[in-house]
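Single-letter residue listing:
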Amino acid sequence: MGLIHGYDIYLRPRNVARALVKLAELAPPARAVPPLEVTLPDGERLVLPFTSQFMSEPVDCSTHSTLELDTSLMFDVDDALREYAQRNGLEPQTDGRVQIGYIYATIRFESLLHCGYTSVECWAATSGMSRLFA
């Protein structure tokens, strides 16, 4: 294992779908794997451009307390991201964004730390990405 840096985000359960839709907007436009169909605990269904445990099989969160997502995200280029991209041989896309690689997200529908909230725990797949996050 290398350096691990991540972010924990806490939100009301009613805001989970909206947060996942916003996260999906950061995904690269083209994907080699099928989208992931997710049923949230409240029954709402989403189709996301991610995988769960590197599979695209439908996930029903009404029977699970967590959702594991493997995401690949793109961000607008700033100085830190430009340096990271150059160091790792990444090219900005035509829209000015750079795909930084896998970010893992664990959604805990009942936060262990904050009762009544859902936690979204995001962490980088590599030490280099962790340094970028920091």
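Refer to the structure presented above.
What you see is a predicted model, and the numbers here were worked out from it, not measured in a lab.

Basis of the calculations
- Residues numbered from 1 in each chain as written.
- Predicted model: local features only at pLDDT ≥ 70, side-chain atom pairs only at ≥ 80, totals over all residues.
- Heavy atoms only, no water.
- Helix = DSSP H or I, 4+ residues; strand = E, 2+ residues; numbered from the N terminus.
- Buried < 20%, exposed > 50% of the residue type's maximum accessible area, 1.4 Å probe, protein only.
- Areas by Shrake-Rupley, 256 points an atom, 1.4 Å probe, with all protein chains shown as cover.
- Lys, Arg positive; Asp, Glu negative; His and termini not counted.
- Charge placed at Lys NZ, Arg CZ, Asp CG, Glu CD.
- Arc of directions from axis to C-beta.
- Contact = heavy atoms within 4.5 Å.
- Phe/Tyr/Trp six-rings, centres within 6.5 Å; stacked < 30°, edge-to-face > 60°.
- Salt bridge = Lys/Arg side-chain N within 4 Å of Asp/Glu carboxyl O.
- Pairing = 2+ DSSP bridges.
- Axes fitted to C-alpha atoms, helices over the stretch in contact; angles between N-to-C directions.

Draft legend 1. Expanded view of the overall build of the protein chain. Secondary structure summary: the protein chain contains three helices and seven strands in total. Start at the N end of the protein chain and walk to the C end: the helices and strands fall as β-α-β-β-β-β-α-β-β-α. Along the first, second and third principal axes, the C-alpha atoms of the protein chain reach 45 × 30 × 25 Å. Here the protein chain holds 134 residues, and the buried ones make up 37% of them. When the accessible surface of the protein chain is totalled, it reaches about 8100 Å², and 53% of it is carbon and sulfur. Of the side chains in the protein chain, 11 bear a positive and 17 a negative charge, and the two mean positions are spaced by 4 Å.

Draft legend 2. Structural view of helix H1 (residues 16–24). Within the sequence span of H1, burial applies to Val16, Ala17, Leu20, Leu23 and Ala24. The arc that holds the buried residues of H1, viewed along the axis, is 120 degrees, so those residues lie on one side. Opposite the packed face of H1, turned more than 90 degrees from it, sit the exposed residues Arg18 and Lys22. Tucked inside the fold, the buried residues of H1 contact strand S1 (6–11), strand S3 (45–48), strand S5 (66–76), strand S6 (97–108) and strand S7 (118–124).

Draft legend 3. Fine view of the packing of aromatic side chains. Throughout the structure, instances matching the rule amount to four aromatic pairs. The interplanar angle of 75 degrees and the centroid separation of 6.1 Å between the aromatic rings of Phe54 and Tyr104 together place this pair among those described as edge-to-face. Residue Phe54 is found in the loop between S3 and strand S4 (59–60), and its partner Tyr104 is found in strand S6; the two are separated by 50 residues along the sequence. Judged by its relative accessible area of 19%, Tyr104 falls in the buried class. For the ring pair Tyr104 and Trp123, a centre distance of 4.8 Å and an interplane angle of 40 degrees mean the geometry is tilted. Here Tyr104, found in strand S6, pairs with Trp123, found in strand S7; they are 19 residues apart in sequence, far enough to count as distant.

Draft legend 4. Focus on the pattern of salt bridges. Counted according to the given criterion, the structure contains six salt bridges. A salt bridge links Arg45 to Glu37, with the nearest nitrogen and oxygen atoms 3.4 Å apart. The class of Arg45 is exposed, set by a relative accessible area of 58%. Its relative accessible area of 33% is what places Glu37 among the partly exposed residues.

Draft legend 5. A look at the sheet that holds S6. Read across the sheet, four strands follow the order S1-S7-S6-S5 without closing on themselves; strand pairing throughout is antiparallel. Two strands bound the open sheet, and with one partner strand each, they are S1 and S5. Averaged over all neighbouring strand pairs, the angle between strand axes comes to 25 degrees, with direction disregarded. In this structure, S1 lies alongside S7, joined through six bridges in antiparallel fashion.

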